[in-house]
Amino acid sequence: MNGAPFNRFVILGALVCALATPAEAAGRGRLWLEAQNRSLNNQRATLSEVARRAMPSVVSITTRQLSDETPAGEEPQKGIGSGFIIHADGYILTSAHVVEGASEVMVSVMHPRGYAEEYLARVVGEDNRTDCALLKIEAPRRLPVLKLASASHVRSADWIVVIGNPFGLSHSVTVGVVSYMGRTDVTPNGRDGDFDYMQMDASINPGNSGGPVLDLHGDVVAVANAVNVAGQGIGFAIPIDIAKTVIPQLQAHGRVRRGWLGISVQDFSPEVAEEFNLRQGPGVVVTEVVEGGPGERAGLHSGDVIVGLDTRRVKRAHTLRWQVAARGVGHDVRLRVNRLGKPLYLKVKLEEMPTEQPATALAAHRQGRRPAGAQSVLDDLLSPVPRKKVQPPAAPEVEPDGWGSEDGAPAP
């Protein structure tokens, strides 16, 4: 009998514990949901703040294209696009295909009081291989700029914000995530170029080309460029690092003078390895050497495997081509080469590509005509829909100084 109260106490205590456990679990579940909701709300607030701060620096671009064949009285062909201000003196970065062959380029800028200002833009330079163009407008005040960061820190599933002028709907914002970094097998309209695309699922449409792709810091990491019209949620942007490389040459020369080795290279593949009797390894294979070119004079042979350029390791043919092109004409580079399994070091002075000529579209723009046969990189995506006059919301004026680059590029 003395043990009965004790047993009842134990049973009662167990019952209390059993009843308390679901309540505690429910409490922990509510705390977890509240934390998730706070995190989601913080992300939404961040995305909203990024878009709000960037909006005054994003511009809408409208082009007119006249040719000698345009019948008298017929309305000229129109195009739309986007861009963004990278220098307070009125320099604007956009896609080259947006202004290609245009006889007139108009830029719409958001005034601090909330209305749109129209400016006639001058095409300072354009480069089709990177699809980048630099414009200049003469504004009566210093303009707000966007900071050019780097896409090197961007990873798949990172959040991004895109602002542009789709179908003439100025300052439209879409958000999404990065789907893939480093697409080199994407060639809009089959045109070759120095592309290393960022794939994203943020909605972009005709008119978005040239607009900024922003990270959660509000910095530009890419330039919206192309969409897959047969798919959904498949868009592409050019990493801003590529644009930052060509901007100085566009400003100084109106075009890009690329370095040239005078060789053809390919990634390792079973077919290439068999053809040149090579074992799979790091580097890229030299498949052809141009007679009389800088590579031949330096001693490069077909079947050589390039494993290094200066202090950089070489893993992909596409990367080597871009690094050589970006070095520019007249620069010396040091190649680390494997030949028949033995290391070799060669010094090569880069020359200009024999076929590299001043951009015909840029010359045509300056002469006020469209070159014969000119075709946009994304002709099937450019829409002739006229830009609608949309009154943007008022935004505070921001007047940062200098180029919108973390590299501190000098003012022009």
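What counts as what
- Residues numbered from 1 in each chain as written.
- Predicted model: local features only at pLDDT ≥ 70, side-chain atom pairs only at ≥ 80, totals over all residues.
- Heavy atoms only, no water.
- Helix = DSSP H or I, 4+ residues; strand = E, 2+ residues; numbered from the N terminus.
- Buried < 20%, exposed > 50% of the residue type's maximum accessible area, 1.4 Å probe, protein only.
- Contact = heavy atoms within 4.5 Å.
- Areas by Shrake-Rupley, 256 points an atom, 1.4 Å probe, with all protein chains shown as cover.
- Salt bridge = Lys/Arg side-chain N within 4 Å of Asp/Glu carboxyl O.
- Pairing = 2+ DSSP bridges.
- Axes fitted to C-alpha atoms, helices over the stretch in contact; angles between N-to-C directions.
- Phe/Tyr/Trp six-rings, centres within 6.5 Å; stacked < 30°, edge-to-face > 60°.
- Lys NZ or Arg CZ within 6 Å of the ring centre and 35° of its normal.
- pLDDT = per-residue confidence, 0-100.
- Polar contact = N/O pair within 3.5 Å; in protein donor to acceptor, adjacent residues only side chain to side chain.
- Expected span 1.5 Å × (residues − 1).

Structural notes on the overall build of the protein
When you go through the protein residue by residue, the secondary structure sums to seven helices and 21 strands. By the burial criterion, 47% of the 412 residues in the protein qualify as buried. Considering only contacts in the protein between residues 6 or more positions apart, those separated by 24 or more positions represent 67%. For the protein, the exposed surface amounts to about 20,800 Å²; the carbon and sulfur share of it is 52%.

Thoughts on the pattern of salt bridges
Pairing is possible between side chains that carry opposite charge, provided their charged atoms lie close to one another. The tally for this structure, following the rule as stated, stands at 15 salt bridges. Arg 141 is the partner of Glu 117 in a salt bridge, and the nearest nitrogen-oxygen pair spans 2.7 Å. One end of the pair, Glu 117, is in strand S5 (residues 116-120); the other, Arg 141, is in the loop between strand S7 (132-136) and strand S8 (159-164), and 24 residues separate them in sequence. Arg 141 matches Glu 117 in its accessibility class, with the two residues each being buried. The partner of Asp 332 in a salt bridge is Lys 349, and the shortest N-O contact between them spans 3.3 Å. Pair noted here: Asp 332 is in strand S19 (residues 332-339) and Lys 349 is in strand S20 (residues 342-349), with a separation of 17 residues, a long-range link. For Asp 332, a relative accessible area of 39% corresponds to the partly exposed category. Each of the salt bridges in this network shares a partner with another, and the network as a whole consists of Glu 49, Arg 52 and Arg 53.

Brief notes about the sheet that holds strand S4 (residues 104-110)
Spatially, S5-S4-S1-S2-S3-S7-S6 is the arrangement adopted by the seven strands of the open sheet, whose pairing is antiparallel. Both outer strands of the open sheet, S5 and strand S6 (122-127), are each paired with one neighbouring strand and no more. Mean inter-strand twist for the sheet, computed between neighbouring axes without regard to direction, equals 30°. The pairing of strand S1 (residues 58-65) with S4 spans five bridges and is classified as antiparallel. Note that in S4 the partner of Arg 64 across the bridge is Glu 104. Where helix H3 (residues 240-253) meets the sheet, its contacts fall on strand S2 (77-87), strand S3 (91-94), S6 and S7, and the angle it forms with S7 comes to roughly 50°.

Topic: the sheet that holds strand S10 (residues 197-200)
Overall, antiparallel pairing links the six strands, which are arranged S8-S9-S10-S13-S12-S11 in a closed barrel. Within the sheet, the average angular offset between the axes of one strand and its neighbour, ignoring direction, is 45°. Relative to strand S12 (residues 220-227), strand S11 (residues 212-214) runs antiparallel, the two sharing three bridges. Paired with Leu 214 across the two strands is Val 220, which belongs to S12.

Thoughts on the environment of Gly 341
Tracing the chain through its elements places Gly 341 in the loop between S19 and S20. For Gly 341, a relative accessible area of 68% puts it in the exposed group.

Observations regarding the environment of Ser 57
As for its position among the elements, Ser 57 is in the loop between helix H1 (3-54) and S1. You can call Ser 57 buried: its relative accessible area is 2%. The spatial distance from the C-alpha of Ser 57 to the C-alpha of His 171 is 10.0 Å, given a sequence separation of 114 residues. Contact partners of Ser 57, with chain neighbours within four places excluded, come to Gly 83, Phe 84, Ile 85, Pro 144, Val 145 and Leu 146.

Section: the packing of aromatic side chains
A full pass over the atoms with the stated rule returns one aromatic pair. When the centroid spacing of 5.6 Å and the interplanar angle of 55° are considered together, the rings of Tyr 197 and Phe 236 count as tilted. Taken together, the residues span a long stretch of sequence, with Tyr 197 in strand S10 and Phe 236 in strand S13 (residues 235-239) at a distance of 39 residues. Taken as a pair, Tyr 197 and Phe 236 share a single burial class, namely buried. One Lys or Arg, Lys 136, reaches over the ring of Tyr 91 and ends 5.4 Å from the middle of that ring. Lying over the aromatic face of Tyr 180, Arg 183 brings its terminal NZ or CZ to 3.8 Å of the ring centre.

Some remarks on the confidence of the model for the protein
Across the protein, the average pLDDT comes to 80, with 73% of residues at or above 70. Contacts from residues 357-401, a stretch scored under 50 in pLDDT, to residues over four places away or in other chains number 110 contacts. For the stretch residues 405-412, pLDDT sits under 50, and the model shows 16 contacts to residues farther than four places along the chain or on other chains.

Thoughts on the side chain of Thr 94
Inspection of the secondary structure assignment puts Thr 94 in strand S3. One polar contact links the side chain of Thr 94 to the main-chain carbonyl oxygen of Ser 82, over a distance of 2.6 Å. Setting aside residues up to four positions removed in sequence, Thr 94 forms contacts with Ile 61, Ser 82, Gly 83, Val 99, Asp 131, Cys 132, Ala 133, Leu 135, Ser 209 and Gly 210.

A few points about H3
Over its 14 residues, H3 runs 20 Å from end to end, which matches the ideal 20 Å to within 8%, given 1.5 Å per residue. When H3 is considered as a whole, its buried residues turn out to be Ile 240, Ile 242, Ala 243, Lys 244, Val 246, Ile 247, Gln 249 and Leu 250. Where H3 ends, the next residue or the one after it, Gly 254, has phi of about 80°, a positive value.

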